[in-house]
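Chain residues, written in single-letter form:
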Amino acid sequence: MAELKNKATDADVGDYLATITDQRRQAETRQVVEMMERVTGAPPRMWGASIIGFGNYRYTNTKGKELRWFLTGAAPRKQALTVYIMPGFEPWPQLMDKLGPHKLGRSCLYISRLEKVDFAVLEDLVAKSVALMRERYGAD
């Protein structure tokens, strides 16, 4: 298995946010970053060039190598704001039904317009996922 390409860096999150040229996407990302910092109690940190992560946990991959990854995070993409819900979405079907328009990947929640989702539901989803990750991994 290849080394993870997105590792925690010392890059400044504020500097990165300032580079987002789409003003709506920049504002949405700032709003989600503030919420994630409040929910996790962890400061934002750049992971790779474009993911803003919060906290971290350690896990062992199938080759027996211990790796570190963030508990939750966000990445502003051209098509959608990506929110990382690390345990996936199966534990919370009721929240997913109430969230509003979105698309899903394995651990990725794609939101085209933050104003169209229920922000309180999104915050609850992030809080529940972080709690579950901390329970499973004793995460930071």
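Right, let's walk through the structure included here. Each chain carries its own residue numbering, running from 1 in the direction its sequence is written. Local features are withheld for residues below a pLDDT of 70 in this predicted model, meaning they are given only at 70 or higher, and side-chain atom pairs are given and counted only at 80 or more; totals for whole chains, interfaces and linings count all residues. With hydrogens and water stripped out, all remaining heavy atoms of the structure feed into the side-chain values.

**Digging into the packing of aromatic side chains**
Side-chain rings of Phe, Tyr and Trp (the six-membered ring for Trp) are treated as a pair once their centres are within 6.5 Å; stacked means planes under 30 degrees apart, edge-to-face means over 60, and tilted covers the remaining angles. The final tally for this structure, using the stated rule, is six aromatic pairs. Between tryptophan 47 and tryptophan 69 the ring centres are 5.6 Å apart and the planes differ by 65°, which places this aromatic pair in the edge-to-face class. Here tryptophan 47 is found in strand S1 (residues 44-47), whereas its partner tryptophan 69 is found in strand S4 (residues 66-69), with 22 residues between them in sequence. Across the pair, tryptophan 69 and tryptophan 47 agree in class, each one buried. Judged by centre distance (5.7 Å) and plane angle (35°), the ring pair of tyrosine 57 and tyrosine 59 falls under tilted. Partly exposed residues are those whose accessible area sits between 20% and 50% of the maximum for their type, while under 20% is buried and over 50% is exposed, using a 1.4 Å probe and protein chains only. The partly exposed category is assigned to tyrosine 59, whose relative accessible area is 21%. A run of DSSP states H or I qualifies as a helix once it reaches four residues; a run of E qualifies as a strand once it reaches two. Both are numbered from the N-terminal end.

**Points about the pattern of salt bridges**
Here, a salt bridge means any side-chain nitrogen of Lys or Arg that lies within 4 Å of a carboxyl oxygen of Asp or Glu. Enumeration according to the criterion identifies six salt bridges in this entry. The partner of aspartate 10 in a salt bridge is arginine 45, and the shortest N-O contact between them spans 3.4 Å. Of the two residues, aspartate 10 is situated in the segment before helix H1 (13-18) and arginine 45 in strand S1; the sequence distance between them amounts to 35 residues. Salt-bridge contacts for lysine 128 lead to aspartate 124; the nearest nitrogen and oxygen are separated by 3.2 Å. Residue lysine 128 and its partner aspartate 124 are located together in helix H4 (residues 119-137), separated by four residues, close to a single helical turn. The exposure class of aspartate 124 is partly exposed, given its relative accessible area of 29%. Within the structure, one salt-bridge network assembled from shared partners comprises Arg24, Arg25 and Glu28.

**Regarding the sheet that holds strand S2 (residues 51-54)**
We call two strands paired when DSSP finds no fewer than two bridges between them. As summarised here, the arrangement of the six strands in space is S1-S2-S5-S6-S8-S7, forming an open sheet in which the pairing is antiparallel. For this open sheet the edge positions go to S1 and strand S7 (103-104), each flanked by a neighbour on one side alone. Two strands pair when backbone bridges link them, and S1 and S2 are joined in this way by four bridges, in the antiparallel orientation. Bridge pairing in S2 links arginine 45 to glycine 53. Along the sheet, helix H2 (residues 23-40) makes contact with S1, S2, strand S5 (72-76), strand S6 (81-85) and strand S8 (108-111), crossing S5 at roughly 175°. Taken strand by strand, H4 contacts S5, S6 and S8, and its axis lies near 35° from that of S6. Note on contacts: a residue pair is in contact if any heavy atoms of the two residues lie within 4.5 Å. A fitted line through C-alpha atoms represents every axis, and for helices the fit uses only the stretch in contact; the resulting angles, taken between N-to-C directions, go from 0 to 180 degrees.

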